[in-house]
Amino acid sequence: MQQLANQLFQKTIRRWVPFWRDVSPQHDLLKKLSLDPNLNAADEKVLLTWMDACLKDNGGEVAARMRAAELGRRFLDLNDEGRVRFLTLMADNYAVDEVRLTQVIESWLAANSSERTHLEADLRSALEPPRMKLLTQFNELPQGIKFLVDMRAELLRLRKEHPKLAPLEADLKRLLSAWFDVGLLQMEEINWRSSAELLEKLIAYEAVHAIQSWNDLKNRLDSDRRCFAFFHPNMPEEPLIFVEVALVKGMAGNVQELLDEAAPLEDISLADTAIFYSISNAQKGLSGISFGNFLIKQVVKKLQQEFPQLTQFATLSPIPGFCRWLDSIESEQELALLDDGSSLRSPEHLQKMAAHYLGEQKQKRNEHYARDPVAHFHLSNGAKIERLNWMADTSDNGLKQSEGMMVNYLYEIPLIESRSQGYSSEGKVALSTAIEKQLAT
């Protein structure tokens, strides 16, 4: 699947080139920017000169678009080492001008209230690094937003090894957060009649339960299933996040049964439950920019309209951090045994520990929030931890990350907002009676 994702990325790059050629320098208005894929020392000087030219107003908007298009094309031509150098140049040389910022702050502090009103614009301008203008220029290009989303994906991959890139990544996240406001997004249903290119991306981007074949995908888009995704107007062929839904009778407790291609179709007229069994973020460059909760709420509203007989909206979710946490607990003990001599890995104890992990273990950086990332996502959206399911995912990944256990998060429509607020403000975790009993034993 990673290979397929890489192939899709290369296809996207090839598709940009004709668009960006339309705004390329013509009639020798600008010199062509030629860079070695490694971006050597001589190239760095040329690149800085070109970036300076992008930031100047000489030549007007058309010239600026030409320079930005050329800059973007050359970035795509660089290898990994060259891209690190490119991004580092942007981070190091186009940050906030500290001297100017200090002068503006000193003027601000010395000014009276009426004078400060006139200084506000200067202060905002001084706080804005020049690289923000460079990044914004890419937005004006065909496929420019997708280019920036992929650039941030690279920055997220590189920033741990290259900490100097962190401020540039933060600037780009701020831009993308504004451009991907949920009010600008469009929810669309994906089905078997969708374009082959879009279906191919669905296979590549599925992050929870890998799609094994086209038959597997067709099964997930059958008449008793639904798939919805968010799209941005400037990225119409690129899903941002998508959710897969099964319409069933009763609360599902086994993902292999849901994904079984040989299973008979459900009679959706008898379905009373919508099971959200996979939610996948499709764009790594939008990590940390949350709109999954809005997608779930819109999907619930859409399904209520189409199937008024539905009475339950729940997930069948993985517990991705459980085994890592359990390993850390065991490593702190000389023997991973209970008082009665039984193993921490016995089915009964594992379920109790999973309830404790989901309902009581908190993040180190925020003691209000659930440690498990999927639990945090659904609890912040207003769900309740409803039920643990033993051996619900017997795939290699399911066994590795949670000993095969999965959990149902229940979205009770009248209580979603109050539960979301209680969790976000006070860390209150809504638990079913069954989970409370498991925690009490």
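Residues numbered from 1 in each chain as written. Predicted model: local features only at pLDDT ≥ 70, side-chain atom pairs only at ≥ 80, totals over all residues. Heavy atoms only, no water.

### What about the pattern of salt bridges?
Working definition: two side chains of opposite charge can pair if their charged atoms are close together. Tallying each qualifying case throughout the model produces 27 salt bridges. Here R220 and E244 are joined by a salt bridge, their closest N and O atoms 3.3 Å apart. Here R220, found in helix α11 (residues 214-220), pairs with E244, found in strand β3 (residues 241-248); they are 24 residues apart in sequence, far enough to count as distant. The two residues R220 and E244 agree in class, both being buried. Put simply, K146, D150, E197, K201 and E238 are held in one network by salt bridges that share partners. (Salt bridge = Lys/Arg side-chain N within 4 Å of Asp/Glu carboxyl O. Helix = DSSP H or I, 4+ residues; strand = E, 2+ residues; numbered from the N terminus. Buried < 20%, exposed > 50% of the residue type's maximum accessible area, 1.4 Å probe, protein only.)

### Quick notes on the packing of aromatic side chains
Counted by the stated rule, this structure contains nine aromatic pairs. Taken together, a centroid distance of 5.8 Å and an interplanar angle of 80° make the contact between F75 and F147 edge-to-face. Of this pair, F75 sits in helix α3 (residues 60-77) while F147 sits in helix α8 (residues 144-158), and the two are 72 residues apart along the sequence. Comparing F75 with F147, the two get one shared label, buried. When the centroid spacing of 5.8 Å and the interplanar angle of 55° are considered together, the rings of F322 and Y357 count as tilted. With F322 in helix α14 (residues 322-331) and Y357 in helix α15 (residues 347-360), the pair connects residues that are 35 residues apart, well separated along the chain. One aromatic cluster in this structure is built from F75, F86, F138 and F147. (Phe/Tyr/Trp six-rings, centres within 6.5 Å; stacked < 30°, edge-to-face > 60°.)

### Considering the confidence of the model for the protein
Interpreting fine coordinate detail is not advised for predicted regions of low pLDDT. Averaged over every residue, the pLDDT of the protein is 89; the share at 70 or more is 89%. Of the regions scoring below 50 in pLDDT, residues 23-30 engages in 15 contacts with residues more than four places distant in sequence or in other chains. (pLDDT = per-residue confidence, 0-100. Contact = heavy atoms within 4.5 Å.)

### A word on helix α13 (residues 292-306)
Compared with an ideal rise of 1.5 Å per residue, which puts 15 residues at 21 Å, α13 spans 21 Å between its outermost C-alpha atoms and is within 8% of the ideal. Looking only at α13, the buried set comprises G292, N293, L295, I296, V299, V300 and L303. For α13, the arc enclosing every buried residue in end-on projection is 155°, short of the 170-degree limit, so these residues lie on one face. Away from the buried face of α13 by more than 90 degrees, exposed residues K301 and Q305 are located. (Expected span 1.5 Å × (residues − 1). Arc of directions from axis to C-beta.)

### A word on the pairing of strand β2 (residues 225-231)
The buried fraction of β2 is high, at seven of seven residues. Here β2 shows a buried face lined by R225, C227, A229 and F231 and a second buried face lined by R226, F228 and F230. Across six bridges, β2 lies against β3 in antiparallel orientation. The partner of R225 across the bridge, within β3, is A246. (Pairing = 2+ DSSP bridges.)

### A closer look at the side chain of E169
Residue placement: E169 occurs in helix α9 (residues 166-179). Of the residues examined, E169 reaches a relative accessible area of 5% and is grouped as buried. When neighbours within four sequence positions are excluded, E169 is seen to be in contact with R152, L155, L156 and R159.

### Here's the deal with the nonpolar core
Nonpolar side chains in soluble globular proteins tend to be buried together. L71, F86, F180, L303 and F322 are the most contacted members of the largest nonpolar core, which totals 88 residues. Residue contributions to this core peak at seven residues, all from α8. Within the second largest apolar cluster, 15 residues are counted, among which are L199, Y205, A229 and F231. (Core = buried A, V, L, I, M, F, W, Y, C linked by side-chain atoms within 4.5 Å.)

### A closer look at unusual backbone geometry
Of note in this structure, L39 is not a glycine but carries a positive phi near 55°. In this structure, E403 is a non-glycine residue whose phi angle is positive, near 55°. Position of E403 among the secondary structure elements: in the loop between α17 (396-402) and β7 (406-411).

### Brief notes about helix α16 (residues 373-380)
Of all the positions in α16, only V374, A375, H378 and L379 are classed as buried. Seen end-on, α16 carries its buried residues on one side only, within an arc spanning 125°. Between the side-chain oxygen at the start of α16 and the backbone nitrogen of V374 there is a gap of 3.2 Å, and the oxygen is on D372. With its phi angle positive at about 100°, G382 sits one or two positions after the end of α16. (Polar contact = N/O pair within 3.5 Å; in protein donor to acceptor, adjacent residues only side chain to side chain.)

### A few points about the packing of helix α5 (residues 98-110) against helix α6 (residues 113-127)
For the pair α5 and α6, the least separation of the axes is 9 Å and the interaxial angle reads 160°. With respect to their mutual orientation, α5 and α6 come out roughly antiparallel. The crossing of α5 and α6 is left-handed. Seen from α5, the contacting residues are R100, L101, V104, I105, S107, W108 and L109; seen from α6, they are R116, L119, E120, D122, L123, S125, A126 and L127. Taken together, the residues of the contact of α5 with α6 sort by class into nine nonpolar, two polar and four charged. (Axes fitted to C-alpha atoms, helices over the stretch in contact; angles between N-to-C directions. Parallel < 35°, antiparallel > 145°, perpendicular 65-115°, else oblique. Left-handed = near helix turned anticlockwise from the far one by under 90°. Nonpolar A, V, L, I, M, F, W, Y, C, P; charged D, E, K, R; others polar.)

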